[in-house]
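Descriptive structure summary
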There are 2 protein chains.
Amino acid sequence: MAARDLFHTLVRSALETHGWTVTHDPYVLTVGGVDFAIDLGAEHLMAAKRDGVQIAVEIKSFLGPSLITDFHAALGQFLNYQLALEQTDPTRQLYLAVPLDAYLTFFQLPFAQTARERYAVRLLIYDPGQPEALTWTPHPPIE
Amino acid sequence: MAARDLFHTLVRSALETHGWTVTHDPYVLTVGGVDFAIDLGAEHLMAAKRDGVQIAVEIKSFLGPSLITDFHAALGQFLNYQLALEQTDPTRQLYLAVPLDAYLTFFQLPFAQTARERYAVRLLIYDPGQPEALTWTPHPPIE
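Residues numbered from 1 in each chain as written. Chains lettered and ligands numbered in written order. Predicted model: local features only at pLDDT ≥ 70, side-chain atom pairs only at ≥ 80, totals over all residues. Heavy atoms only, no water.

Focus on the overall build of chain A
Broken down by element type, chain A carries 4 helices and 8 strands. When the helices and strands of chain A are listed from N to C terminus, the series reads α-β-β-β-β-β-α-β-α-α-β-β. For chain A, the C-alpha atoms occupy an extent of roughly 40 × 35 × 30 Å along the three principal directions. Counting across all 143 residues of chain A, residues that qualify as buried make up 51%. When contacts within chain A are restricted to residue pairs at least 6 apart in sequence, those whose partners lie at least 24 apart make up 57%. About 6,700 Å² of surface is accessible on chain A, with carbon and sulfur atoms providing 53% of the total. Charge-centre separation for chain A: the mean point of 9 positive side chains lies 5 Å from the mean point of 16 negative side chains. (Helix = DSSP H or I, 4+ residues; strand = E, 2+ residues; numbered from the N terminus. Buried < 20%, exposed > 50% of the residue type's maximum accessible area, 1.4 Å probe, protein only. Contact = heavy atoms within 4.5 Å. Areas by Shrake-Rupley, 256 points an atom, 1.4 Å probe, with all protein chains shown as cover. Lys, Arg positive; Asp, Glu negative; His and termini not counted. Charge placed at Lys NZ, Arg CZ, Asp CG, Glu CD.)

Okay, here's the thing in structure tokens:
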């Protein structure tokens, strides 16, 4: 299986392990004449909230030759998907899933931190070495 | 010559034809631990302004199989470069150079217009069929 598909399967399974129901794979939407396919849509049911919490997750591998080039594409996807969701499904929270090694290297650089803050990028960190571990930052969609 | 290089040469020549001096090819900068290379830096001298007007131009071909995928990458590049320039060269105006056919198709879609407005994307439209024609939108860097 290609690494890209492997990471997709890994993130999907990890979400399920943590009580999420994957409702869309992919989550497709059409907004303003453009078709989008976000990797996953998922829902977490909670006793306190009738409709549960809904997320969309775009899974990035950061396996390209240049992390900044991968980040350009990921940032553009995140912001375009967010704009599309605002118009069709505004309570669904969007996360960019990134592998732990990219998080511990590229995402610690001052520029990457500034960009994440400026553009309010939400990350879901997965670890190919510990397939069940998931870290949400700046905060998880459910407390 | 690959189309990508052809468009680079075309935009560079068109800028020169319109009185711009290309000062950087590429315009490199390092901000917060990340190295960036924007395709061109250029300056237009004006009698009224001692230091002239300075721009940076990232040239996109939009020749990939998916215009929205090309747009994700272009938007991310534009916003990251803008953030980097803010910290090192804040008066330099950044433009994304796009070919006329992509402007007349993809960029007319309601979603693309919304995204351009939301993220204040400045475009420089070039026309491979009329190599000297340049259109700046929403407004040119000089009047």
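Thoughts on the relation of the copies chain B and chain A
Each copy superposes on the other: chain B lies on chain A with an RMSD of 0.0 Å after a rotation of 180° and an axial shift of 0.0 Å. Both chain copies can therefore be described as sitting about a two-fold axis. A share of 100% of interface residues in chain B that are also interface residues in chain A marks the association as one of identical surfaces. (Least-squares fit on C-alpha atoms with pLDDT ≥ 70 in both.)

Looking at the interface of chain B and chain A
With 28 residues of chain B at the contact, the number on the chain A side is 28 residues. For the pair chain B and chain A, the two sides together bury roughly 2,200 Å², of which 68% comes from carbon and sulfur. Inspection of the region where chain B meets chain A yields 2 salt bridges. Of the charged contacts in the structure, one is a salt bridge between R118 of chain B and E86 of chain A, with a shortest N-O distance of 2.7 Å. Going through the elements one at a time, strand 3 (34-38), helix 2 (67-88) and helix 4 (110-118) of chain B are the ones with two or more residues in the side of chain B that touches chain A. Tallying contributions element by element places helix 2 of chain B first for the side of chain B that touches chain A, with 14 residues. In the side of chain B that touches chain A, the residues fall into 17 nonpolar, 8 polar and 3 charged. (Buried area = accessible area lost by both parts, 1.4 Å probe. Salt bridge = Lys/Arg side-chain N within 4 Å of Asp/Glu carboxyl O. Nonpolar A, V, L, I, M, F, W, Y, C, P; charged D, E, K, R; others polar.)

Re the pairing of strand 4 (residues 40-46) of chain A
Every regular strand shows the same layout, with side chains that alternate between the two sheet faces. Residues and elements named next belong to chain A. Among the 7 residues that make up strand 4, 5 are buried, leaving the element largely enclosed by the rest of the structure. Pairing of strand 1 (residues 21-24) with strand 4 involves 3 bridges; the strand directions are antiparallel. If you follow T21 over to strand 4, its bridge partner there is E43. (Pairing = 2+ DSSP bridges.)

What to know about the packing of helix 4 (residues 110-118) of chain A against helix 2 of chain B
Each pair of packed helices can be described by the angle between their axes along with the distance between the axes. Contact geometry for helix 4 of chain A and helix 2 of chain B: axes closest at 11 Å, N-to-C directions at 115°. Taken together, the axis directions place helix 4 of chain A and helix 2 of chain B in an arrangement best described as roughly perpendicular. Handedness of the crossing formed by helix 4 of chain A with helix 2 of chain B: right-handed. Residue-level inspection shows F111, T114, A115 and R118 of chain A of helix 4 of chain A in contact with helix 2 of chain B, the latter providing N80, L83, A84, E86 and Q87 of chain B. Its residues assigned to classes, the contact of helix 4 of chain A with helix 2 of chain B shows 4 nonpolar, 3 polar and 2 charged. (Axes fitted to C-alpha atoms, helices over the stretch in contact; angles between N-to-C directions. Parallel < 35°, antiparallel > 145°, perpendicular 65-115°, else oblique. Left-handed = near helix turned anticlockwise from the far one by under 90°.)

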